[in-house]
Amino acid sequence: MPDLVELRHVSKSYGPVQALKDVSFSIRAGEVHALLGENGAGKSTTMRVVRGETAPSKGEVVVAGQTLTRFSPAVSDDLGIAMVHQELAIFNGLTVAENLAPDLPTRNRAGFVNRKALNEFATAKLNLFNLIIAPDQLMSSLTTGQKQIVEILRTISESRRLIILDEPTSSLNAQETETLLDLIKSLRAEGKSVLFVSHRIPEVLEISDRITVLRDGEYIETLENAGLTEADLVQRMVGRDMGELHRRRASSGANRDIVAFGAKGVSGVGGLNDVTLDLYQGEVLGVFGLEGSGASELSRLLFGLDVPAAGTLHVKENVVPNPTPLKMIDAGVTYLSPDRSESGLFKYRALTDNITAPVLSRLSRMGLIRRTKVQDTSRAYSDRFEIKAGGLASTPASLSGGNQQKVMMAACLTPDPDVVIVNEPTRGVDVGAKAEMHRKLIELAENGTSVMVFSSELPELVSLCDRVIVMRSNRIVGELIGDEITEDSAMTLAAGSAVH
Amino acid sequence: MAATDQSMSVPFNLRGFAASGGILVAAVLLLFVFLAVTKAQFSAYNNLYSLAFALSIDAIAIFGFTYVMVLGEIDLSVGAVYALAGTLTGWLLKVGGLDLYPAIVLALCVATAVGFANGFLVTRFKVNSLMLTIGTLILVQGVVGVLATDLVGGVYPRDFRLLAKTRWFGINATIIVAGFALAVLVFLQLRSSLFRKMYLVGENSETARIYGIRTDAFKLWAFVASAFFAGVGGVLTASRLTHASTDMGVGLEFTYVTAAILGGASLYGGRGGVGGSVLGLLFLALILNGLVMYNVNPLAQQVAIGVLLICAVLVDMIINKKEGA
C-alpha cells in the first residue's frame, strides 16, 4: 500500500529543549499505526507535526506524495487529516446530533436548522458503528467514554484519510475501550488510516498494524505487529544507553527503623483508592505511574493541597489532622511543584521573594521583614544551588528552565524540611541541570532528609531511588527495592494489562 | 553568583515604570502645573484645601478596596457599603435614638459584616467576586434606599454633622488620619511580612499555598478591611453631606477601580498599593476640578472618567500581555 504520510528526518526544538530528533517513519493508507513511548518521548510533538499544528524545525512532511510547505490545521483539514485531542472539544449544552454535525448544511429553506435531517444524519453515523446513543440526547448526559466516541465520530467523514487519536482510552472503562477499539477497526475496514497513541501496551498490540517506538525524542524503530510481546515493546520503550547520568546509586543511606512520613488508607475524591505507604528516614522513595494512574493526585493529597476523602497522614509518629500545606510545612514537609509554569514560582517577583516565601515569618521580627536576613538566606540558597541570574533582584521569568527549577528547589529547602515531596524535579531542563538536580537530591538524602520523588521519567527514578512504588488504576500495584528497580520492571507494573 | 547576559540590557521597562507609578506621578504633576498656570482660582488656598479634604475621605475609603485588588479579587460593593455605614449611622441617631459613638460603632460593625459575608462566600464557595459583589451592591443599595426614605427631609443631628469638620492643629482631622494611615500602610507594604505574603497570594495563589501561606484567610480579611474602610469613609461623608441621600456612594466603585488601576493595581492581582490608589484618586480629583473650572457640563465629566478607566485597563492588559510572552 502507498504511504499516506511520510516524516523525513523531522526535528523539532522548543527553545533549548529538543523535543524531536531526526524522526522518520511513514503511515500507510488503511493502517492502524501506534505511537509508543514514555512520557516526554516526543509522541505529542510527532502528532502535532503530522496534524500540521506545529512546523518541524528541520526535515519535511510528505502527505500523499506532496511535501508540505505550510503547517496549519486548515491545510491538514484539506488533506483529510483530523485529530482528536485528549482534552475533548465538545459542546456540552448541545445535543449529540448537533455535536456530530456542527458545520453540516442541514438547514431548511427558511434558514433554520432542519432538526429532522440533522437527527437522521446523526443516527446514520451512530448506526454505522452500532452505537446506542440517541441523537437528541444532551451531550452533558453522556459518560466520558461516550463523549469521546462522539467526538471521534465527528471527525470522521468521507474526505478524512487519517485520524489521529491522542490517548483516546485513557479515561475509558473496559467496555468503552472495547467499543472504541471496534470503532477503530471499522475505520480501518473503510480504508482510513489511524494514528493512535496509548500508554496501554495490550491495546496497542490488539489493534495496531504497525508500531513506531520513540524514546527521548528519537525514532527507535517501526515494527510490524506480528508475534510481538509486551516485553518486546517495554524493552524498546525504555532500553536506553545508561550513561554516567543514569548510573544507579551504589548504596542506600535509608534508616528503615525510622518512618519519617507516611500515609494510611488515603483515598481521594478524584478516584485514588486506599493508599498506604511509609517513607523512611534518609530514603529516596520513587513513585511511578503513567498518566491517570493516580500518582499526581496522591502527591497533592500527601501535602494537604487537596482534601482527602479518607485516610490520615503522619510525620514521624504524629498524625497531622486536616492537613493543609501550612501544617505540613510546620510538621517538616515541603513540596516541589510538578509544573513550574502553573505554580511553584512567583514569576514576576524577585528571587529573594521566591526563595524566602516559605520562611518569611521566621525571617521577621515583630511582623517586620528583616531585610538583611532575607538577603543572606536568599544568597546562601542561591549559591548552594548555583542559580545563574543577574542578581537576587531579578525575576524567575528572566531565567532558564533549569535555573527556575533550582529557584523552586531552593524555596522548598529554606524551611529546612525533614521530608521533601518532589514532583518531576527535572521537567524541561537540560542534561546538565538534570545531573545537578539529581546530585542535590542524593546529597539531601545522605544528610538524613527523606525524599519522595514523583516522576514520569523512569531513568531518573532508577538512578535516584532506593525504592520505587508503582501505581496503576488509582492504587499501588507494586514495590521495587534496590536492584529490582529497572525500567522494564517498573514499566511492566505500570502498564500491566488487566485492571484489577 | 554569575551574571548572565540577561541582566545586561534593560531598555525602557514599561511594567517597571508603570508599577512604580512613574507615569501617574508625571501626569499628576503636569495636570497640576497646567491648572495652576491656566486657572488662577485653581491654586487658591480654598480650592486646594477642599480638594485635600475631599481626597482624605476617599483615601481612607479606598485602602481596603486596594488590597482586595492586590489579591486578584474585586469588591464592587464598596460604594454601597460606604453609603450603608453613613446612612445607618444617621438612622440610628434619628430613628434609633442612639448616641453618636455607639451609632458609629454599630454601623461600622454592620458594614464590616457585609465585607465578611463577601469574603466568606468568595473563599468558601469560590464564588467569582465580581459577580458576587454586584449582588451585594444591589442588595445593600436597597437597604440604603429604605433607610434614606425614613430620613427624608431632615438633617442629621448636630454632633454627627460636625464630625467630619473635627480639626486638630488647625486642619481637618480626616487629612491627618488619612495621611498617617497612608504612611503606615505604605511602610507595611514595604516591610511587613504579612503584606509581603499578601502580594505573593495576589501574584500566584496556588504557589503561595504551596509555600504555606493561608491564601483564603488573606482574601477573607481583605474583604473585611475593604468594607470597614469604606464604612469609615461613608460615615465621614454622611457627616459632611449633613443629610441622607439615596444617591450616596452610587458609582463610587467605578471611581475606585479606575483610581486603583491608574495607581498600578491590576485586575490580575499581585500589584498596586494604597500609595498608587490615592495618587489615582488625586489624579481623578484634579481632572474633575479642572473640568469644573473650564465650565464643562457636569454630565459630560462622566465621559472623562470612562475614558480614563478604559485607558487604564488597556495599559493593564498590555502589561500583562508583555508578561505572558
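Residues numbered from 1 in each chain as written. Chains lettered and ligands numbered in written order. Predicted model: local features only at pLDDT ≥ 70, side-chain atom pairs only at ≥ 80, totals over all residues. Heavy atoms only, no water.

Asks: Residues and numbers for the overall build of chain A, please.
Replies: Secondary structure summary: chain A contains 16 helices and 22 strands in total. Principal-axis analysis of the C-alpha atoms places the extent of chain A at approximately 75 × 45 × 45 Å. Across the 500 residues of chain A, 55% fall into the buried class. In chain A, 68% of the contacts between residues at least 6 apart in sequence involve partners at least 24 apart. Entry remark: accessible area of chain A is about 21,000 Å², with carbon and sulfur atoms responsible for 49%. The averaged location of the 63 negative side-chain charges in chain A is 6 Å from the averaged location of its 53 positive side-chain charges. (Helix = DSSP H or I, 4+ residues; strand = E, 2+ residues; numbered from the N terminus. Buried < 20%, exposed > 50% of the residue type's maximum accessible area, 1.4 Å probe, protein only. Contact = heavy atoms within 4.5 Å. Areas by Shrake-Rupley, 256 points an atom, 1.4 Å probe, with all protein chains shown as cover. Lys, Arg positive; Asp, Glu negative; His and termini not counted. Charge placed at Lys NZ, Arg CZ, Asp CG, Glu CD.)

Asks: Provide a residue-level description of the environment of Arg256 of chain A, including the pertinent values.
Replies: Turning to its location among the elements, Arg256 of chain A is positioned in strand β11 (residues 255-267). The spatial distance from the C-alpha of Arg256 of chain A to the C-alpha of Asn114 of chain A is 71 Å, given a sequence separation of 142 residues.

Asks: Please provide a residue-by-residue account of helix α3 (residues 45-70) of chain B, values included.
Replies: All names here are of chain B. Here α3 spans 35 Å end to end across 26 residues, near enough to the 38 Å set by a 1.5 Å rise per residue. In α3, a bend of some 35° at Ile62 exceeds every other bend along the element. Judged by how many residues are buried, α3 sits mostly within the fold: 19 of 26 residues are covered. Gly72 sits one or two residues past α3 and shows a positive phi near 85°. (Expected span 1.5 Å × (residues − 1). Bend = angle between axes of the 7 residues up to and from the residue.)

Asks: Quick rundown of the domain arrangement of chain A? Include the residues and the values.
Replies: Domain parsing of chain A yields domain 1 (3-238), domain 2 (244-332 + 417-494) and domain 3 (347-414). The straight-line distance from the C-alpha centre of domain 1 of chain A to that of domain 3 of chain A is 44 Å. (Domains from an automatic or database assignment.)

Asks: Which residues make up helix α9 (residues 295-302) of chain A, and what values go with them?
Replies: Residue and element names in this part refer to chain A. Burial runs high along α9: 6 of the 8 residues are buried. Those residues of α9 lying buried are Ala295, Glu297, Leu298, Ser299, Leu301 and Leu302. Following α9 by one or two positions, Gly304 has its phi on the positive side, about 75°.

Asks: Outline the interface of chain B and chain A, supporting the account with residue identities and numerical values.
Replies: Of the residues lining the interface, 31 residues belong to chain B; the matching set on chain A comes to 43 residues. Across the contact surface, chain B and chain A share 2 salt bridges. Across the salt bridge formed by Arg196 of chain B and Asp353 of chain A, the nearest N and O atoms sit 2.9 Å from each other. Where chain B touches chain A, the interface holds 12 residue pairs in polar contact (both at pLDDT 80 or more). Secondary structure elements with two or more residues in the side of chain B that touches chain A: α8 (173-191), α9 (193-203), α10 (205-210) and α14 (298-324) of chain B. Top element by residues in the side of chain B that touches chain A is α9 of chain B. It accounts for 7 residues. When its residues are assigned to classes, the side of chain B that touches chain A shows 12 nonpolar, 10 polar and 9 charged. (Salt bridge = Lys/Arg side-chain N within 4 Å of Asp/Glu carboxyl O. Polar contact = N/O pair within 3.5 Å; in protein donor to acceptor, adjacent residues only side chain to side chain. Nonpolar A, V, L, I, M, F, W, Y, C, P; charged D, E, K, R; others polar.)

Asks: Outline the packing of α9 of chain B against helix α11 (residues 215-241) of chain B, supporting the account with residue identities and numerical values.
Replies: All names here are of chain B. Closest axis-to-axis distance for the α9/α11 pair is 10 Å, and the angle between their directions is 105°. When the axis of α9 is compared with that of α11, the two are roughly perpendicular. Across the interface between the two elements, Leu194, Lys197, Met198 and Val201 of α9 pack against Thr215, Phe218 and Lys219 of α11. Split by residue class, the contact of α9 with α11 holds 4 nonpolar, 1 polar and 2 charged. (Axes fitted to C-alpha atoms, helices over the stretch in contact; angles between N-to-C directions. Parallel < 35°, antiparallel > 145°, perpendicular 65-115°, else oblique.)

Asks: An account of the pattern of salt bridges is needed here, citing residue identities and associated values.
Replies: The final tally for this structure, using the stated rule, is 24 salt bridges over all chains. Here Arg300 of chain A ties to Asp306 of chain A by a salt bridge, and the two come within 2.8 Å at their closest N and O atoms.

Asks: Got a sec to walk through the sheet that holds strand β19 (residues 419-423) of chain A? Specific residues and values, please.
Replies: All names here are of chain A. With mixed pairing, 6 strands are arranged side by side in an open sheet as β16-β19-β20-β13-β21-β22. Bordering the open sheet on either side are β16 (333-336) and β22 (475-481), each of which pairs with just one other strand. When strand polarity is set aside, the average angle formed by the axes of neighbouring strands in this sheet is 20°. By the bridge criterion, 4 bridges tie β16 to β19 in an arrangement that is parallel. When the sheet's bridge partners are listed, Thr334 is paired in β19 with Val420. Relative to strand β20 (residues 450-454), α9 is tilted by about 145°, and along the sheet it contacts β13 (284-289), β16, β19, β20 and β21 (467-472). The sheet contacts of helix α13 (residues 401-413) involve β16 and β19, and relative to β16 the element is tilted by about 170°. (Pairing = 2+ DSSP bridges.)

Asks: Account for the packing of aromatic side chains, with residues named and values stated.
Replies: All names here are of chain B. Taken as a whole, this structure holds 14 aromatic pairs over all chains when the rule is applied. Here the aromatic rings of Phe32 and Phe42 are separated by 5.2 Å at their centres, their planes lie at 75°, and the arrangement is edge-to-face. Residue Phe32 is located in helix α2 (residues 22-38), and its partner Phe42 is located in the loop between α2 and α3; the two are separated by 10 residues in the primary sequence. The buried category is assigned to Phe42, whose relative accessible area is 0%. A centroid spacing of 5.5 Å and a plane angle of 75° characterise the contact between Phe228 and Phe229, whose relative ring orientation is edge-to-face. A network of ring pairs unites the aromatic residues Phe116, Phe120, Phe125 and Trp221 as a single cluster. (Phe/Tyr/Trp six-rings, centres within 6.5 Å; stacked < 30°, edge-to-face > 60°.)

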